[in-house]
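# Observations on the model geometry
Below, each chain spelled out in residue letters.
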Amino acid sequence: MEREQLILWLAITAYVIAGVVAIFGVVLGKKPERTVLGLIWLGLLLHATAITLRWVRLDHGPYLTMFEILSSNIFSLLLFFSLVYWRYKPIRPTAAIVLPLLFIMMGWMLLSSPGEGYLPPTYDTTWLVIHIMFGKVFLGATLVAVGMAGVILLRHYNIAAARFARLPADSRLDDLAYRFMALALIFDSLMLISGAIWAQDAWGRYWAWDPLETWSFITWLALAVALHLRVTYKPSSLRGAVMIMAVFVLAFLTFFGIPFISTVPHQGAV
């Protein structure tokens, strides 16, 4: 366990350095993209090693305790963001916004107990893994959109506007952000559907309106409404960015707030 924790700390260190370099790159008008990407990938490699060692030791995936949930989501969110960062160069400065957001989760994870969790029989199913993977893609797509929305908001309030000048225009960022939000809606829908199938297989019911199910559905509605308003009323880039931020905050509180105040990660699981 000590080796796992050491490797995890090294991964977090790599992530933090990547975030600091990204922020200084924006502030100083530099382009340290390769350095940032290399540090993120180094962190992901170390993080994957720590998760694998824990998985082998406990014989279950990282989805039981709050520590495991936070760790696996930090990994998946950064993996998704790094792939977009690698493939779409114009949005790379958004790392200065995205990485500090993830620092909150990293700090929360390090404050959580790394103790072992009990694997209930209801978690021993392929549908749980499918459900979790869809959820991770949903959150990853939303996070990428948040990075672009953050740039739009900072430009509007003239905060580091000159530093983000080389990014595409607000209208282009807004359009691209909502493409990722549309992708998020698809995978959010798939997450709810696969979760219902898992619930039927595990507990003999598709839906029970427990706290996490209820707020997951509210998050889905908020995301759908935001996309509907974007298509129907074509709001300004600023209002579009505010809607993206609102959906992200709701999703974050749903997936990391409700489990935190519940007695188990998914109320009714055991």
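Bear in mind the structure is a predicted one, so any value in this text is a computation, not a measurement.

The rules we used
Chains are numbered independently. Their residues run from 1 in the order of the written sequence. Two thresholds apply to this predicted model, a pLDDT of at least 70 for residue-level local features and 80 or more for giving and counting side-chain atom pairs, whereas whole-chain, interface and lining totals are computed over all residues. Processing note: side-chain calculations cover all non-hydrogen atoms of the structure and skip hydrogens and water entirely. Interaxial angles span 0 to 180 degrees and are taken between N-to-C directions of axes, which are lines fitted to C-alpha atoms, for helices over the stretch in contact. The helix count covers DSSP runs of H or I at least four residues long, the strand count covers runs of E at least two residues long, and both are numbered beginning at the N terminus. Oblique is the label for every angle not falling under 35 degrees (roughly parallel), over 145 degrees (roughly antiparallel), or within 65 to 115 degrees (roughly perpendicular). Definitions for this section: a left-handed crossing has its near helix turned counterclockwise from the far helix by less than a right angle. A right-handed crossing has that turn clockwise. Here the term charged refers only to Asp, Glu, Lys and Arg, the term nonpolar to Ala, Val, Leu, Ile, Met, Phe, Trp, Tyr, Cys and Pro, and the term polar to all other amino acids, Gly among them. The term nonpolar core refers to a set of buried residues drawn from Ala, Val, Leu, Ile, Met, Phe, Trp, Tyr and Cys, joined through side-chain atoms within 4.5 Å. Exposure classes here rest on a 1.4 Å probe applied to the protein chains alone. A residue is buried below 20% of its type maximum, exposed above 50%, and partly exposed in between. It only takes one pair of heavy atoms within 4.5 Å for two residues to be counted as in contact. Two aromatic rings, drawn from Phe, Tyr or Trp (for Trp, its six-membered ring), form a pair once their centres lie within 6.5 Å of each other, and the interplanar angle then sorts them: stacked below 30 degrees, edge-to-face above 60, tilted otherwise. Consider the ring centre and the ring normal. A charge sits over the ring if Lys NZ or Arg CZ is within 6 Å of that centre and within 35 degrees of that normal. Here the expected span of a helix is defined as 1.5 Å times the quantity of residues minus one.

Below, the discussion takes up the packing of helix α5 (residues 126-156) against helix α6 (residues 170-203). Orientation of α5 relative to α6, taken along the N-to-C sense of each, is 160°, at an axis distance of 8 Å. The angle between α5 and α6 places the two elements in the roughly antiparallel class. Relative to α6, α5 is oriented so that their crossing is left-handed. Taken together, the residues of the contact of α5 with α6 sort by class into 24 nonpolar, five polar and four charged.

Once that is clear, we can look at the nonpolar core. Among the nonpolar cores identified, the biggest contains 71 residues, and F180 and F256 are the most heavily contacted of them. Of all the elements in the fold, those that place two or more residues in this core are α1 (2-28), α2 (33-58), α3 (66-87), α4 (95-111), α5, α6, α7 (211-233) and α8 (237-261). Here F180 is in contact with F80, V84, A141, V144, A145 and M148, once residues within four sequence places are set aside. Core analysis: the next-biggest nonpolar cluster, separate from the first, contains six residues, Y63, L64, L128 and W198 among them.

This brings us to the packing of aromatic side chains. Counted under the stated rule, the structure contains 10 aromatic pairs. Centre to centre, the rings of W207 and W209 are 5.5 Å apart; their planes meet at 80°, and the pair counts as edge-to-face. Under the relative-accessibility criterion, W207 is labelled partly exposed at 30%. Look at W209 and you get exposed, because its relative accessible area is 53%. Here the guanidinium or amino end of R87 rests over the ring plane of W86, the centre of that ring lying 5.2 Å away.

It is worth spelling out α1 at this point. Each α-helix turn comprises 3.6 residues. Residues three or four places apart therefore point the same way. In this model α1 runs 39 Å from its N-terminal to its C-terminal C-alpha over 27 residues, within 8% of the 39 Å that 1.5 Å per residue would give. For α1, the full list of buried residues reads E4, I7, L8, A11, I12, A14, Y15, A18, G19, A22, G25 and V26. For α1, the secondary structure elements touched by its buried residues are α2, α3 and α4. Among the residues trailing α1, G29 stands out with phi positive, at a value near 70°.

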